[in-house]
Amino acid sequence: MILRRIFTVAGAVILTACATDNTAKKATVAQITPTGVDENFIVTAIEDSALPKGSCGMVLWTLDAEQPTPVFRAVVEKGAEISIDGAPVKMALTKVDGSANYGVFEFQTFEGEGLSAHIKVRFGQGFDGGSYVEHGIMTIERQDGWRTVVPAAGIAGCRAK
């Protein structure tokens, strides 16, 4: 039921992406507080979840207070963006594996600014210009070894010019 709700919202977002700003509120999505470490490791909502016009990529959401919240955006050949503690983090694609849809692979690794993001997805039902991403798992790891695992769903596709 929750995934169906996310997919319904995700479909509405992709269909209105050309006409809206898609600016997201800053929401706390996932948090890990390791023992002996003073700072929290918080994955927060990304500011802009829309794919740039004429590009392909993937946007992943997770639930925050029962609302879908965009937490990851990857643009083919341009890298990815997440937000940690409210600050955007740019990442470069370093490894891919599995099948691909719209330039997005089932298994992808991104790295940047002392973080690694391991993304595993399963492609679901297709729609005009894209497909739903089901059963996504984002594993965000810091250089000190602490990590957080965030369940996600979303879309992979291309945005018209």
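Our subject is the structure listed above.
We now turn to the structure provided with this report. (Residues numbered from 1 in each chain as written. Predicted model: local features only at pLDDT ≥ 70, side-chain atom pairs only at ≥ 80, totals over all residues. Heavy atoms only, no water.)

### A look at the overall build of the chain
Then step 1. When you go through the chain residue by residue, the secondary structure sums to 1 helix and 10 strands.
Then step 2. When its helices and strands are written in sequence order, the chain yields α-β-β-β-β-β-β-β-β-β-β.
Then step 3. Split into buried and exposed, the 161 residues of the chain put 45% on the buried side.
Then step 4. Contacts spanning at least 24 positions in sequence make up 49% of the contacts within the chain whose residues lie at least 6 apart.
Then step 5. Surface accessibility of the chain: about 8,400 Å² in total, with carbon and sulfur atoms responsible for 52%. (Helix = DSSP H or I, 4+ residues; strand = E, 2+ residues; numbered from the N terminus. Buried < 20%, exposed > 50% of the residue type's maximum accessible area, 1.4 Å probe, protein only. Contact = heavy atoms within 4.5 Å. Areas by Shrake-Rupley, 256 points an atom, 1.4 Å probe, with all protein chains shown as cover.)

### Quick look at the packing of aromatic side chains
Then step 1. Using the criterion set out here, one finds 2 aromatic pairs in the structure.
Then step 2. A centroid spacing of 5.0 Å and a plane angle of 55° characterise the contact between Phe127 and Tyr132, whose relative ring orientation is tilted.
Then step 3. Overall, Phe127 belongs to the partly exposed group, its relative accessible area being 21%. (Phe/Tyr/Trp six-rings, centres within 6.5 Å; stacked < 30°, edge-to-face > 60°.)

### A few points about the nonpolar core
Then step 1. Leu60, Phe72, Ile119 and Ile140 are the most contacted members of the largest nonpolar core, which has 25 residues in total.
Then step 2. For this core, the element with the highest residue contribution is strand β8 (residues 115–127), accounting for 5 residues.
Then step 3. Beyond its immediate chain neighbours, meaning those up to four positions away, Leu60 contacts Thr69, Pro70, Val71, Phe72, Ile119, Val121, Val133, Met138, Ala152, Ala153 and Gly154. (Core = buried A, V, L, I, M, F, W, Y, C linked by side-chain atoms within 4.5 Å.)

### Considering the state of the cysteines
Then step 1. Using the criterion set out here, one finds 1 disulfide in the structure.
Then step 2. What pairs with Cys56 in a disulfide is Cys158, and their sulfur atoms sit 1.8 Å apart. Here the disulfide of Cys56 and Cys158 is right-handed, its torsion about the S-S bond being about 100°. On the criterion of sequence distance, the pair formed by Cys56 in strand β3 (residues 56–64) and Cys158 in strand β10 (residues 147–158) is long-range, its members being 102 residues apart. (Disulfide = S-S within 2.5 Å.)

### With respect to unusual backbone geometry
Then step 1. With a phi angle near 65°, Glu77 is a residue other than glycine that sits in the positive phi range.
Then step 2. Its place among the elements puts Glu77 in the loop between β4 (67–75) and β5 (79–84).
Then step 3. Overall, the relative accessible area of 83% leaves Glu77 in the exposed class.
Then step 4. Despite not being glycine, Glu113 shows a phi value in the positive range, around 55°.
Then step 5. Along the chain, the position of Glu113 falls in the loop between β7 (104–112) and β8.

### As for the pattern of salt bridges
Then step 1. Within this structure, the stated rule accounts for 4 salt bridges.
Then step 2. Residue Glu81 pairs with Lys90 through a salt bridge whose shortest N-O separation is 3.3 Å.
Then step 3. Of the residues examined, Glu81 reaches a relative accessible area of 10% and is grouped as buried.
Then step 4. Close ionic contact of Arg142 with Asp144 constitutes a salt bridge, the shortest N to O distance being 3.0 Å.
Then step 5. Under the relative-accessibility criterion, Arg142 is labelled buried at 17%.
Then step 6. When salt bridges with common partners are traced through the structure, they connect Asp48, Arg73, Glu81 and Lys90 into a single cluster. (Salt bridge = Lys/Arg side-chain N within 4 Å of Asp/Glu carboxyl O.)

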